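# Structural overview for review
The residues making up each chain are set out below.
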2 protein chains.
Amino acid sequence: MSLTASECAAYLRGQDGFLIVSHRRPDGDTLGSGAALCSALRRAGKTAYCINNREITDNYRPYVEPFLAPEGFEPRCVVTVDVASESLFPEAAPGRVQLALDHHPSNTRFAERICLAAERSSCGELVLEVIKALCGDVSAQEAALLYIAVSTDTGCFQYSNTNAATLRAAAELIELGADNSELNIRFFRTQSRARMALEGMMLSGMRFYRNGKISVVTVTLDMIARAGATENDCEDLAGLAGKAEGSVVSLTIRETKPGESKLSLRSKPGVNVSEMCAAFGGGGHAMAAGCTIAAEPETALELMLRVMDEKWPAD
Amino acid sequence: MSLTASECAAYLRGQDGFLIVSHRRPDGDTLGSGAALCSALRRAGKTAYCINNREITDNYRPYVEPFLAPEGFEPRCVVTVDVASESLFPEAAPGRVQLALDHHPSNTRFAERICLAAERSSCGELVLEVIKALCGDVSAQEAALLYIAVSTDTGCFQYSNTNAATLRAAAELIELGADNSELNIRFFRTQSRARMALEGMMLSGMRFYRNGKISVVTVTLDMIARAGATENDCEDLAGLAGKAEGSVVSLTIRETKPGESKLSLRSKPGVNVSEMCAAFGGGGHAMAAGCTIAAEPETALELMLRVMDEKWPAD
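Report on the accompanying structure. (Residues numbered from 1 in each chain as written. Chains lettered and ligands numbered in written order. Predicted model: local features only at pLDDT ≥ 70, side-chain atom pairs only at ≥ 80, totals over all residues. Heavy atoms only, no water.)

## Thoughts on the interface of chain A and chain B
- Of the residues lining the interface, 39 residues belong to chain A; the matching set on chain B comes to 39 residues.
- Taken together, both faces of the contact between chain A and chain B bury some 3,500 Å²; the carbon and sulfur share is 59%.
- Per-residue buried area on chain A facing chain B is highest for Q158, M196 and K243 of chain A; these three make up 19% of the total on that side.
- Our count for the contact surface shared by chain A and chain B stands at two salt bridges.
- Close ionic contact of R168 of chain A with E175 of chain B constitutes a salt bridge, the shortest N to O distance being 2.3 Å.
- At the boundary of chain A and chain B, one finds 12 residue pairs in polar contact (both at pLDDT 80 or more).
- Breaking the side of chain A that touches chain B down by element, the ones donating at least two residues are α6 (164-175), α7 (180-188) and α8 (193-204) of chain A.
- Here the side of chain A that touches chain B takes eight residues from α6 of chain A, the largest share from any one element.
- Residue classes in the side of chain A that touches chain B are distributed as 16 nonpolar, 15 polar and eight charged. (Contact = heavy atoms within 4.5 Å. Buried area = accessible area lost by both parts, 1.4 Å probe. Salt bridge = Lys/Arg side-chain N within 4 Å of Asp/Glu carboxyl O. Polar contact = N/O pair within 3.5 Å; in protein donor to acceptor, adjacent residues only side chain to side chain. Helix = DSSP H or I, 4+ residues; strand = E, 2+ residues; numbered from the N terminus. Nonpolar A, V, L, I, M, F, W, Y, C, P; charged D, E, K, R; others polar.)

Structure, rendered in structure tokens:
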């Protein structure tokens, strides 16, 4: 059953005992939108918690901590937020879902009810509408949580999914009390010293093929150790190589353990990197795909360059 | 005389033979706003050109080229855009200015008429209002030029000058035809290979003092040569050091010639770096200032660290 934002609000008003479920490897959209919805439900007099997702990273934890469900909480109404399929459920998520709030067109319709805003760049924009319909207003804390959702899902309005409605929603959230200046510093203008050291090594070791059309960055276990980087410092490493002027395909090779390399490919329109990754049992989207190769980074690079020559011959 | 945006439009309608003047070391706001205004004046049937500012960098050139004044053009009405004072006039600018469009509260009132939107984060937002009042509409090309203005002056909506009105103006510009996805890739998600190599060296050589509260990056002539970097590749180098988590004051030292160093300081609220720079004859704002020291980078660093200890004693 498909619901509009106001039908969602009406449904939520009739329920209680909510558990809000974020997705695996949770990002700012699933966590921020979920916590904002939880806060609004509490303001509406409901008992509501967010699932204690074990993969919440340090940067988001302070914002979601007040909403996390205690051990043993028995929900009566389960709502997923920004979760496209059951395969993305976090550990210990309930199997039966009463309502899914999502913006992924690929949502697999696992829930009894769905409110899908496929034209939205983030789930946060949809949750903003639901909260307004539910409570008539939005608290400053909810505005901040939704600003985190909208801004992180669009790379602070840089990514191509950003549209006029995204910017208008963000404007509204600032007016509702989100401190965009502070949140931007925290999420977009601060890097750990380890991450900066690692990026320094990545940039210094960057290599180019085919006159710069292919840019390659390697991240070895040794580099991670020398930078003192943890898993928190290694998010979104794949974006760096593609920034090089003239790069059409970028390849980021991360040594995950000795003899195993994880490859992330990004491309500009017209070149399908998903096909290249499929040659090694991987996949993804046409312009963003990945695969794992049981080889050292240098060998993995050679193997991938050979596949690139086949699938994407030089002009 | 102070004018509103619509009074500006009325004044412009009564004039002809326009020269639009950008500021020294022109950025996206002065160039994008100026070119958009020029285009709108032409649509309104006027003769209008932008001054052929010698310092236009390669990234902006393709956008402003169609508007540059030919040699010997004799203006009858001079309009400055985003120029705060006469000291910022580019080479060969006329001395007498009929109208200044600006958003700097510090504007020195050098023009006969001023339209000042001090609450706006960019001059582009003001020019958008002027164009709507002048023509009744905005062309897609003008929208793109104004998007360049608004986005570059706010670091693609990341800087603390970004407010709700900024985001609403950007939303409007997208609806008017600005291709934000393409423009963001070009201005925020693309770097020259030389710049990336230089940043790699800067990050690798980053140093910290006082438990990380002071972050220091040095850019030597040798590093610039090894990276193959030109002046175009050296814009906004001062932003990098301040991204380090825990940094309160960041210092970027650039060797400008043997025995001369240019220091750029940035700080978080509560620490005045302008005072530190004043000790060497420099100045600026409380949280962004600079100075030049006649010494090698390492000596300049020692001298500045000593001044920091005086002006900002450790707790």
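There's more to say after this.
## So, the relation of the copies chain A and chain B
- Screw-axis analysis of chain A against chain B gives a translation of 0.0 Å along the axis, an RMSD of 0.2 Å, and a rotation angle of 180°. Both copies of the chain, as the preceding transformation shows, are related through a two-fold rotation axis. By C-alpha distance to the rotation axis, the residue of chain A lying nearest is G200 of chain A, at 2.0 Å.
- Interface residue correspondence from chain A to chain B reaches 100%, placing this contact among same-surface, isologous pairings. (Least-squares fit on C-alpha atoms with pLDDT ≥ 70 in both.)

## Quick word on the pattern of salt bridges
- Evaluated as defined, the whole model comprises 30 salt bridges over all chains.
- Close ionic contact of K132 of chain B with E172 of chain B constitutes a salt bridge, the shortest N to O distance being 2.6 Å. Within this pair, whereas K132 of chain B is found in helix α4 (residues 123-135), its partner E172 of chain B is found in helix α6 (residues 164-175), the two being separated by 40 residues in sequence.
- Through salt bridges that share partners, R43, D137 and E142 of chain A make up one connected network.

## Quick look at the packing of helix α2 (residues 28-43) of chain B against helix α5 (residues 140-153) of chain B
Residue and element names in this part refer to chain B.
- It is the contact of α2 with α5, at a shortest axis distance of 7 Å, that shows an interaxial angle of 160°. On the basis of their axis angle, the class for α2 and α5 is roughly antiparallel. In the packing of α2 onto α5, the handedness of the crossing is left-handed. Contacts from G28, D29, G32, S33, A35, A36, S39, A40 and R43 of α2 reach α5 at Q141, E142, L145, L146, I148, A149, T152 and D153.
- A per-class count over the contact of α2 with α5 returns seven nonpolar, six polar and four charged. (Axes fitted to C-alpha atoms, helices over the stretch in contact; angles between N-to-C directions. Parallel < 35°, antiparallel > 145°, perpendicular 65-115°, else oblique. Left-handed = near helix turned anticlockwise from the far one by under 90°.)

## Here's the deal with unusual backbone geometry
- Here the phi dihedral of D236 of chain A falls at roughly 55°; this positive angle occurs in a residue that is not glycine.
- Position of D236 of chain A among the secondary structure elements: in the loop between α9 (221-227) and β8 (249-257).

## Digging into the state of the cysteines
Residue and element names in this part refer to chain B.
- Within the structure shown, the criterion is met by zero disulfides over all chains.
- The structure places no disulfide on C291, whose sulfur is separated from the nearest cysteine sulfur, that of C277, by 4.3 Å.
- Classification of C291 by relative accessible area gives buried; the value is 5%. (Disulfide = S-S within 2.5 Å. Buried < 20%, exposed > 50% of the residue type's maximum accessible area, 1.4 Å probe, protein only.)

## Side note on the nonpolar core
- Of all hydrophobic cores here, the largest spans 116 residues; its most connected members are L12, L37 and L101 of chain A together with L12, L37 and L101 of chain B.
- Other than its neighbours up to four places away in sequence, L101 of chain A contacts C8, L37, V79, T80, V81, D82, C115, C123, L126, V127 and V130 of chain A.
- Core analysis: the second largest hydrophobic core is formed by 36 residues, L198 of chain A together with A194, L203 and M223 of chain B among them. (Core = buried A, V, L, I, M, F, W, Y, C linked by side-chain atoms within 4.5 Å.)

## Some thoughts on the sheet that holds strand β7 (residues 214-219) of chain B
All names here are of chain B.
- Pairing within the open sheet is mixed, and its six strands lie in the order β6-β7-β8-β9-β11-β10. The open sheet has two free edges, formed respectively by β6 (207-209) and β10 (283-285), since each of these has just one partner strand. Each neighbouring strand pair of the sheet contributes to a mean axis angle of 20°, computed without reference to strand direction.
- Pairing between β6 and β7: three bridges, direction antiparallel. Its bridge partner lying in β7, R207 is registered against V216. (Pairing = 2+ DSSP bridges.)

## What to know about the packing of aromatic side chains
- Applying the stated criterion across every chain yields a total of 11 aromatic pairs over all chains.
- Summarising the aromatic geometry, the rings of Y147 of chain A and F157 of chain A are spaced 6.1 Å apart at their centres and angled 65° between planes, so their arrangement reads as edge-to-face. One end of the pair, Y147 of chain A, is in helix α5 (residues 140-153); the other, F157 of chain A, is in the loop between α5 and α6, and 10 residues separate them in sequence.
- Classification of Y147 of chain A by relative accessible area gives buried; the value is 0%.
- Centroid distance F89 of chain B to F110 of chain B: 5.3 Å. Interplanar angle 85°. Geometry classified as edge-to-face. Taken as a pair, F89 of chain B in the loop between β3 (77-81) and β4 (99-102) and F110 of chain B in the loop between β4 and β5 (113-116) lie far apart in primary sequence, 21 residues in all. Each member of the pair, F89 of chain B as well as F110 of chain B, is classed as buried.
- Members of the aromatic cluster, joined through ring pairs, are Y147 and F157 of chain A together with Y147 and F157 of chain B. (Phe/Tyr/Trp six-rings, centres within 6.5 Å; stacked < 30°, edge-to-face > 60°.)

## Let's talk about the environment of F188 of chain A
- Tracing the backbone through its elements, the reader meets F188 of chain A in helix α7.
- You can call F188 of chain A buried: its relative accessible area is 19%.
- Placed 37 residues apart in sequence, F188 of chain A and S151 of chain A show a C-alpha to C-alpha distance of 9.3 Å.
- Leaving out residues up to four positions away in the same chain, F188 of chain A has contacts with S151, T152, G155, C156 and L183 of chain A together with Q158 and K243 of chain B.

## Some remarks on the pairing of strand β1 (residues 18-21) of chain A
All names here are of chain A.
- Neither face of β1 is left uncovered, since the one carrying F18 and I20 and the one carrying L19 and V21 both have all their residues buried.
- In this sheet, strand β2 (residues 48-50) lies alongside β1 in parallel orientation, the contact comprising three bridges. What sits directly across from L19, in β2, is Y49.
- As for the winding sense of the linkage, the β-α-β connection from β1 through helix α2 (residues 28-43) to β2 is right-handed.
- For β1 and strand β3 (residues 77-81), the ladder comprises four bridges, and the chain directions are parallel. (Right-handed = clockwise from strand over helix to strand, strands pointing away.)

## Focus on the side chain of D29 of chain B
All names here are of chain B.
- Mapped onto the secondary structure, D29 falls in helix α2.
- Among buried Asp, Glu, Lys and Arg side chains, D29 stands out as unpaired, with R120 the closest opposite charge at 11 Å.
- Polar side-chain contacts of D29 include one of 2.7 Å to the backbone nitrogen of C123.
- Ignoring sequence-local partners within four residues, the contact set of D29 consists of G34, D82, H103, S122, C123, G124, A149, T152 and D153. (Lys, Arg positive; Asp, Glu negative; His and termini not counted.)

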